[in-house]
Amino acid sequence: MILLLALLILVPAAAAMLRRNLVHSALLLVLSWAGLAAFYLWSGAEFVAFAQVLVYVGAVSMVVLFAVLLTRQNPDRAAPPDAAARLRAGAAVLTAAAVGAVIGHAILATPLPAAAGAPPVLTVRQLGLELMGRHAGSLLVIGALLTVALLGAVVLAAAEPGEKPGGKP
Amino acid sequence: MTLSVQHLWLIPALPLAAAAVGAVLPRSGRVPAASAAIAAMGAAFVLSCLALNGALADPARHAVHNFAWFDLGHGAVMLGWLLDPLTAFMCVMVTFVGLLIFVFSLGYMRDDPHFARFFCFLSLFAAAMLGLLVANSLLLLFICWELVGLASYLLIGFWFHRPAAAAAAKKAFLTTRLGDLGFLLGLLWLYDSAGSLLFYDAGRGVLESGVLAGLTAQTVAGGLALSTAIGLLLFCGAVGKSGQFPLHVWLPDAMEGPTPVSALIHAATMVAAGVFLVARLYPLMAADQALAAVPVHALTVVALIGAVTALLGAVIAVAQDDIKRVLAFSTVSQLGYMMLALGVGAWTAAIFHLLTHAFFKALLFLGAGSVIHAAHHEQDIRRLGGLRTRLPATYRTFVIGMMALAGVPFLFSGFWSKEAILHAAHGWTVSPLPLWAGLAAVALTAFYMTRLVAETFFGSPRSPAAAHAEESPAVMRIPLVLLAGCAILLGFLGTPAWPWLQARLAGAPLHGSLEHLFEGGGLMLLSIALVGAGIGLGWRFYGRRPRASAAAADPLAAASPTLMAALAARLGCDEFYAATVGRLHALAAAVADGLDRWVLGAAVSGVGLLGQFGGVVSRENDEGALNGGFDAAGAGLRGAGRSYARAQTGRVHGYLRALAVAFVVLGLVLLAGGVP
Amino acid sequence: MSPLHLCLLLSTGLFCIGLAGALSRSNAILVLLGIELMLNAANLNFIAFWRYGPAPSAGAGVVFVIFTIAVAAAEAAVGLALVIALHRHRRNLRLPEATRLKG
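Residues numbered from 1 in each chain as written. Chains lettered and ligands numbered in written order. Predicted model: local features only at pLDDT ≥ 70, side-chain atom pairs only at ≥ 80, totals over all residues. Heavy atoms only, no water.

J.: Help me out: how do you make sense of the interface of chain C and chain A in this one?
T.: Often, the extent of an interface is quoted as the loss of accessible area upon association of its parts. Listed per partner, the contact involves 69 residues of chain C and 81 residues of chain A. Roughly 6,500 Å² is buried in total at the junction of chain C and chain A, and carbon and sulfur atoms are behind 77% of that figure. Applying the counting rule to chain C against chain A returns 0 salt bridges. At the surface where chain C touches chain A, the tally comes to 7 residue pairs in polar contact (both at pLDDT 80 or more). Counting residues per element, the ones that place at least two in the side of chain C that touches chain A are helix H1 (3-24), helix H2 (28-52) and helix H3 (60-90) of chain C. In terms of residue count, the dominant contributor to the side of chain C that touches chain A is H3(C) (23 residues). (Contact = heavy atoms within 4.5 Å. Buried area = accessible area lost by both parts, 1.4 Å probe. Salt bridge = Lys/Arg side-chain N within 4 Å of Asp/Glu carboxyl O. Polar contact = N/O pair within 3.5 Å; in protein donor to acceptor, adjacent residues only side chain to side chain. Helix = DSSP H or I, 4+ residues; strand = E, 2+ residues; numbered from the N terminus.)

J.: Help me understand the interface of chain B and chain A in this model?
T.: Each side of the interface is counted separately: chain B has 14 residues, and chain A has 13 residues. Together chain B and chain A conceal approximately 1,100 Å² of surface at their shared face, both sides included; 83% is due to carbon and sulfur atoms. Considering only the surface of chain B that becomes buried against chain A, B:Arg657, B:Val664 and B:Leu671 emerge as the three largest contributors, covering 35% of it. On the surface where chain B and chain A come into contact, there are 0 salt bridges. Linking chain B with chain A are 0 residue pairs in polar contact (both at pLDDT 80 or more), by the criterion used here.

J.: It is not clear to me how the confidence of the model for chain A should be interpreted in this structure. Could you clarify?
T.: Any segment with low pLDDT has predicted coordinates that should not be analysed in fine detail. All names here are of chain A. Averaged over all residues, the pLDDT of chain A is 81; the fraction at 70 or higher stands at 85%. Of all helices and strands in chain A, the one with the weakest mean pLDDT is helix H5 (residues 124-132) (84), whereas helix H2 (residues 22-43) scores best (89). Segment residues 165-169: pLDDT under 50, and 5 contacts once partners within four positions in sequence are set aside and those in other chains are kept. (pLDDT = per-residue confidence, 0-100.)

J.: How should helix H6 (residues 136-157) of chain A be read in this particular structure?
T.: Residue pairs spaced three or four apart in an α-helix point in one direction, given the helix's 3.6 residues per turn. Over its 22 residues, H6(A) runs 31 Å from end to end, which matches the ideal 32 Å to within 8%, given 1.5 Å per residue. Listing the buried residues of H6(A) in full gives A:Ile142, A:Ala149 and A:Ala153. The arc that holds every buried residue of H6(A), seen down its axis, measures 30°, which confines them to one face. Of the exposed residues in H6(A), the ones pointing more than 90 degrees away from its buried face are A:Leu140, A:Val141, A:Val148, A:Leu151 and A:Val155. Check the buried side of H6(A) and you find it contacts H3 of chain C. (Expected span 1.5 Å × (residues − 1). Buried < 20%, exposed > 50% of the residue type's maximum accessible area, 1.4 Å probe, protein only. Arc of directions from axis to C-beta.)

J.: Is there a simple way to explain the packing of helix H3 (residues 46-70) of chain A against H2(C) in this structure?
T.: Think of two packed helices as two axes; the pair is described by the angle between the axes and how far apart they sit. Look at H3(A) against H2(C): their axes get within 12 Å of each other, and the N-to-C directions meet at 175°. Taken together, the axes of H3(A) and H2(C) lie roughly antiparallel to each other. Contacts between H3(A) and H2(C) involve A:Val48, A:Gln52, A:Tyr56, A:Val64, A:Ala67 and A:Val68 on the former and, on the latter, C:Ile29, C:Leu33, C:Glu36, C:Asn40 and C:Ile47. Counted by class, the contact of H3(A) with H2(C) contains 8 nonpolar, 2 polar and 1 charged residues. (Axes fitted to C-alpha atoms, helices over the stretch in contact; angles between N-to-C directions. Parallel < 35°, antiparallel > 145°, perpendicular 65-115°, else oblique. Nonpolar A, V, L, I, M, F, W, Y, C, P; charged D, E, K, R; others polar.)

J.: When you look at the pattern of salt bridges in this model, what are you seeing that I'm missing?
T.: Oppositely charged side chains can form a pair if their charged atoms are brought close together. Residue and element names in this part refer to chain B. If you walk through the whole model with that rule in mind, you get 10 salt bridges over all chains. Notably, a salt bridge pairs Asp84 with Arg280, separated by 3.0 Å at the nearest N-O pair. You can see Asp84 sitting in the loop between strand E2 (76-83) and helix H3 (85-108) and its partner Arg280 sitting in helix H11 (residues 273-280), a full 196 residues away along the chain. Each member of the pair, Asp84 as well as Arg280, is classed as buried.

J.: So what exactly am I meant to see when it comes to the confidence of the model for chain B here?
T.: Within chain B, residue pLDDT values average 82, and 93% of them lie at 70 or more. For this predicted complex, the interface score ipTM comes out at 0.86, alongside a pTM of 0.70.

J.: Teacher, can you tell me more about the environment of B:Ala40 here?
T.: Residue and element names in this part refer to chain B. Turning to its location among the elements, Ala40 is positioned in helix H2 (residues 30-57). Spatially, the C-alpha atom of Ala40 lies 9.9 Å from that of Ala127, the residues being 87 residues apart in sequence. Setting aside chain neighbours within four positions, we find Ala40 in contact with Leu14, Pro15 and Ala18.

J.: It is not clear to me how the packing of aromatic side chains should be interpreted in this structure. Could you clarify?
T.: The description of an aromatic ring pair rests on the distance of the ring centres and on the angle between the ring planes. Residues and elements named next belong to chain B. Per the counting criterion, the structure on display carries 23 aromatic pairs over all chains. Summarising the aromatic geometry, the rings of Phe115 and Phe119 are spaced 5.0 Å apart at their centres and angled 55° between planes, so their arrangement reads as tilted. Placement of both Phe115 and Phe119 in helix H4 (residues 115-134) is noted, with a separation of 4 residues, approximately one turn of the helix. Accessibility expressed as a relative area gives 1% for Phe119, which makes it buried. Positioned above the aromatic ring of Phe115 is the side chain of Arg30, whose terminal nitrogen or guanidinium carbon lies 4.5 Å from the ring centre. It is Arg177 that lies over the ring of Phe173; its NZ or CZ is 4.1 Å from the centre. (Phe/Tyr/Trp six-rings, centres within 6.5 Å; stacked < 30°, edge-to-face > 60°. Lys NZ or Arg CZ within 6 Å of the ring centre and 35° of its normal.)

Given below as structure tokens:
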């Protein structure tokens, strides 16, 4: 089961990073995020799975698609991969492989507890009590952070005063 | 062999898998997309037949399989599957008609560049529709209901580059959403008062007597029983989906979609979902019948809306010139019949008519599709004509469909199901209106169908497209022939002499004998006479002296121009809505805009000014007292910063790579040195 | 290998894919998406340790993931607003050319 989920998560993610068409990348990432939601569901964390679906599959993907469409360039302006880009890609894969090797080695070298029993049960009610009880302070901070981020995003993306509404500087 | 209720989910899951396959295939994957869709539908048909076989073994039983969807702490949200004869008959009908329409689409959509996408959407629709049928929870039913609406939106707007199609898709979506709002409110209210949304759950389900007794015991505003209020809210959803007056305006426009879509969704299956909903919730809708002291019974409203719709649809259909729009209004009218039957208490007759209607209306729409395909997308019956000899197979099957719809006696299925409804309406004591509306619609239906056939197939071709029409390929003709066979044979499952279908649906023992065949003979004779009059008048106006050219005036329009013009404009419903609801929306939007701009905007500006004031105060503080010390520290930091700045290339990738390399080095050091 | 090992390796794979994407692609949107994938890998770790850890009833892992998702959503919103601002100023999204902020 986990191997199946891994396939569902990793393959679209890798494909998304390789595609040249940004819309395809975004849609493939939606698939990958949905796979993650399935993983959470399988682990017994239903609430996180729903949050993942709502936030990533629903909202972030829409924001990404909007960004893609708003910043769409003429096809002829998209530069073909040049030597510098190829060099960068090679270096990137090497770096990522090194990071992966280090982490992977660390994981395999660590003795971890063997398989647990049934998935733990954490009802939405318990979670709500946790959030409003022990973690109430953090929840407030997160709320403030989200508000500030929202305002910041609006300020950043808003047209500047001298600019025409069409966004053509 | 039977399909047990635990495995009932396979029936919707198969088309869903086909839709998923179709979604990931590239545009060139035409063959795999279509074969996956057709194979899934075929398999679903076989499974539905097995399920029907199981359900018929004990028709009175509602086999259920419930499970928790997710846990809320105080209980769980439950979903489930339900298998009874109603579900099983509907599944068999949807999968069989769907399969034939899928095959027909192979021919009809052959030249479309988005062939694979079309089959993906069709499969999605089939999955949602079948999910709606097997649901044992109003919540699951609602989810599938909305999915069906989505698929319908996608398919009406399939040719979205045509503005009319895009507008029709939007109109259909928004109009049905209006009804769904009522559905959602009813659903929430029901959950609040009953504590469950399962239909059958060992005595705790909302359709079982214990809960229903609780619902009828309470009253809400105006003395309505609680069950009446909830039932009427849920009925709003059915009004929207089934194109009942006053929300019928979207259905004729939905004909902008490809013709197989019109046949599958807007004639045979989806629009019948509203009827299915009311039939499924029949115990809830009928729960208030025993109460005498209520202002209105839920079923009375259903019957009256159905009667109005049946008559209205038939009247408007008389004046339409587009072959698909005539059929669309006849669908509106026939759906009104079904609602009427539900309202007068004959829900088995309503389902009987639903099943026969699905077959003959799918046949008529596919026949219309065949005509349109042959005549190079000419849909105006004034410009067709003379196709009888050019399209013999289409002509024969279309006439069978027309006779079934018109209710030509004894041989055709539409006759028996319509008789069952009229018989039930005759026995209804509350009001004679449904019976009269039904009888008037019988004559009108026979009249406009005769007109349609005479204009399309008789006379001489009135346009080059009609003159050069060629018969459609076999892949389109075979579904027509199969559907025509069903349009005849299906009627014999529910004749008064042997009401097998009704008995199985109701889970009652079967009493049949030949003496019952002509039960209610006077009414039957009257309706036969009306059918004869309708066909005779239609033939007299349109068949005997066929229209000479496309521009020639309609004989009825010559007799009464104002009436026909009003009917052709569909009695101005759309204009009326644009003038009232549309204006109201514009007004609400203007009010909201003003509120946003002047009230909220002013508040935000006020807060901003306050902040500015604070800033001025603190600047005075700063400049006077604090700056001196910081200036000195700043000079020192600037020197240090300049030396670090050389490492700042401004390249984001460089920073990120440095992070990763540093991490690797750290990891290697830790691994080599051993974790402390 | 225990399931926990597998989960951790899965998250490592996701992290490396995100890292490689963020490092190799020049388009700012894809770099952001790579970073999102790395955040997702971290979430996956939290859930895995919560699921197989010694005290799953505590729920701290799940709460942490909820917070991370909220932060990631904020990050995505700000990041994509930055992308749009970048596009407006430079008419393209190629990060290697966006070096005006160097010291």
